[in-house]
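Letter by letter, the chains look like this.
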Amino acid sequence: MRIFDPHIHMTSRTTDDYEAMHAAGVRALVEPAFWLGQPRTSVGSFTDYFDALVGWERFRAAQFGIAHHCTIALNPKEANDPRCAEVLDVLPRYLAKDGVVAVGEVGFDSMTVEEEKAFVRQLELAVEFELPAMVHTPHRDKEQGTRRTLELVTESGLAPGMVVVDHLNEVTVDQVDEAGCWMGFSIYPDTKMDEHRMVAILQRRGLDRVLVNSAADWGRSDPLKTAKTGAAMLEAGFSADDVDRVLWRNPIEFFGQSGRLLVDPELPDDASTGADASATFEGNSILRGSRD
Amino acid sequence: MTEIEPLADHDTIRHALDASAQAQLEALTAEVADDPSRLGRAFPAAARRTGRGPLPGVDGVLLEDAVRVRLVQVAASSLDPDALLAELREVYRYGDSDEKRAVLHALSGAPEEVDGSDLLLDALRTNDTRLVAAAMGPHSDRLDDDSWRQGVLKCLFTGVPVASVTALARRADRELAEMVQRYQREREAAGRDVPLDVQVVLDACATSPEQPQHEQKDL
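Residues numbered from 1 in each chain as written. Chains lettered and ligands numbered in written order. Predicted model: local features only at pLDDT ≥ 70, side-chain atom pairs only at ≥ 80, totals over all residues. Heavy atoms only, no water.

Peer 1: For this particular structure, what's the right way to read the environment of B:P81?
Peer 2: Residues and elements named next belong to chain B. On the secondary structure map, P81 appears in helix α5 (residues 81-93). Distance in space between the C-alpha atoms of P81 and E112 is 9.3 Å, their sequence separation being 31 residues. Among all residues touching P81, those that are not within four sequence positions of it are T2, E113 and V114. (Helix = DSSP H or I, 4+ residues; strand = E, 2+ residues; numbered from the N terminus. Contact = heavy atoms within 4.5 Å.)

Peer 1: Explanation requested: the interface of chain A and chain B in the structure shown.
Peer 2: By a frequent convention, interface size equals the accessible area lost on bringing the separate parts together. At the interface, 21 residues of chain A touch 22 residues of chain B. Three residues, A:F59, A:R93 and A:D98, lead the burial of chain A against chain B; their summed loss comes to 29% of the area buried on that side. Here chain A is connected to chain B by 7 salt bridges. Residue B:E99 pairs with A:K97 through a salt bridge whose shortest N-O separation is 2.9 Å. Across the chain A-chain B interface, the total number found is 7 residue pairs in polar contact (both at pLDDT 80 or more). At the level of secondary structure, the elements contributing two or more residues to the side of chain A that touches chain B comprise α2 (43-54), α3 (56-62) and α4 (87-95) of chain A. The element contributing the most residues to the side of chain A that touches chain B is α2(A), with 4 residues. Its residues assigned to classes, the side of chain A that touches chain B shows 6 nonpolar, 5 polar and 10 charged. (Buried area = accessible area lost by both parts, 1.4 Å probe. Salt bridge = Lys/Arg side-chain N within 4 Å of Asp/Glu carboxyl O. Polar contact = N/O pair within 3.5 Å; in protein donor to acceptor, adjacent residues only side chain to side chain. Nonpolar A, V, L, I, M, F, W, Y, C, P; charged D, E, K, R; others polar.)

Peer 1: Would you explain the nonpolar core in this entry?
Peer 2: The nonpolar side chains of soluble globular proteins are, as a tendency, buried together. One finds A:F50, A:I72, A:V87, A:L95, A:F185 and A:M198 to be the most contacted residues of the largest nonpolar core, which totals 74 residues. With sequence-adjacent residues up to four places away left out, A:M198 is seen in contact with A:F185, A:I187, A:M193, A:V210, A:V212 and A:T229. One finds B:A8, B:V61, B:A123 and B:L202 within the second-largest nonpolar core, a separate group that totals 66 residues. (Core = buried A, V, L, I, M, F, W, Y, C linked by side-chain atoms within 4.5 Å. Buried < 20%, exposed > 50% of the residue type's maximum accessible area, 1.4 Å probe, protein only.)

Peer 1: Explain empty space enclosed by the protein to me, please; I cannot follow it from the model alone.
Peer 2: Over the atoms, a rolled probe matching the size of one water molecule traces out where space is still vacant. All names here are of chain A. Going through the model one piece at a time under the given rule, you end up with 2 cavities of 30 Å³ or more. Approximately 50 Å³ is the volume found for the second largest cavity. Taken together, H9, T11, S12, E31, F34, W35, L36, Y49, D217 and W218 make up the full set of residues lining the second largest cavity. Broken down by class, the residue content of the lining of the second largest cavity amounts to 5 nonpolar, 3 polar and 2 charged. (1 Å grid on protein atoms, 1.4 Å probe; cavity = no way out; pocket = protein on both sides within 12 Å on 5 of 7 lines; lining within 4 Å. Points joined across faces, edges and corners; volume = space filled by probe spheres on them.)

Encoded structure:
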């Protein structure tokens, strides 16, 4: 099973996770820029974070044989803090970079005027930089947030096929589907969506335009939820090719629209050959500075 | 106005590119020649517009590095050393790791008047082995002895082959030997392997022309 996790916050994860992910078949991922749990108070802490996403974290992932991509944006939560609003001015520098495969996460958290302003501006940047957009949907009042999201996408002129609306559930999936956007599902241990509910959605509406991610971060989450969803799909009667489509070819197709992928889309599936779970990339492991 | 030595000659780079990538290279080059302040705009897109990977015919050089250094070379031809350095600092500050590495390679081909040692020190503070290796290239002759020795030790520590350290045979000295011996003792005390490069550095220290000078100083 070759896996491309289209949404995972590796900055918050350990090297054990990288090893386990590689052993489970993860060969590529996208780390969206988001909130770090502790609110930031200045533009400088954003730029250091963005630098890490296109620098250190990419290097760290490579040590484990995983191609790291990212998305860059001012996230909706912090768009509400006037001290952070100037982040919008530094985004173009980062949106020009290799491996930056979308503008994101953008969208709504509490549906404020400030959030909408930042969201609209960043959809404009996606159009300008010819990048897809990754849209976060709110945890609270998700249905209304998703509706307003889709209105703003239409107004932006960004093609629906260039937009993934993420963290969907049974209540929000159909309106996103009808709008022609890509549908992102975050498989969590016990909240947003689980692998069996995911399988039921796939059985109902098919595999088209679906991205399945672990969205693992600093909260209770599981970086292997992509692999577990693949296993649940097989159990439910989906073919290995179906799993490959959802977990590899779909993210390649969506993020490939950026022209910025750093992974070989035709990467052979070698994860089922019993590769050593503890093996590291090219014999190197990554520790705190020391090479061994 | 400032001459930068390229990583590979123009023909070698062109031969590694197909027709459309060649056209992209020409466009990027023309853009930077026309306005050297466009370097920061041309840099991020350079690899995806031309190519990446090992450059045929030049050992150990990546195509994307050669292209970016070529762009620096073109921009430098109409910038004085100070203006070039200011431009390179800006590109480095906002560069991803590949862009930063290319700036370090460009510095390696820079003339005497260009001193980008502050960028080398930044690179040596990272644990990104590609940056550490590039920082210890020819431009590392601008580093003071303390920083240079720490750079060599960092190479040993992070597994960067010391073969990539410029002027090891000339600059290795007794103080470096002592630092490396302490590192060796620490490894042995812990029952860990000692990297083979440790002996390479110690041998360089033993035969270096720097050795007598430092002994004199210490007296």
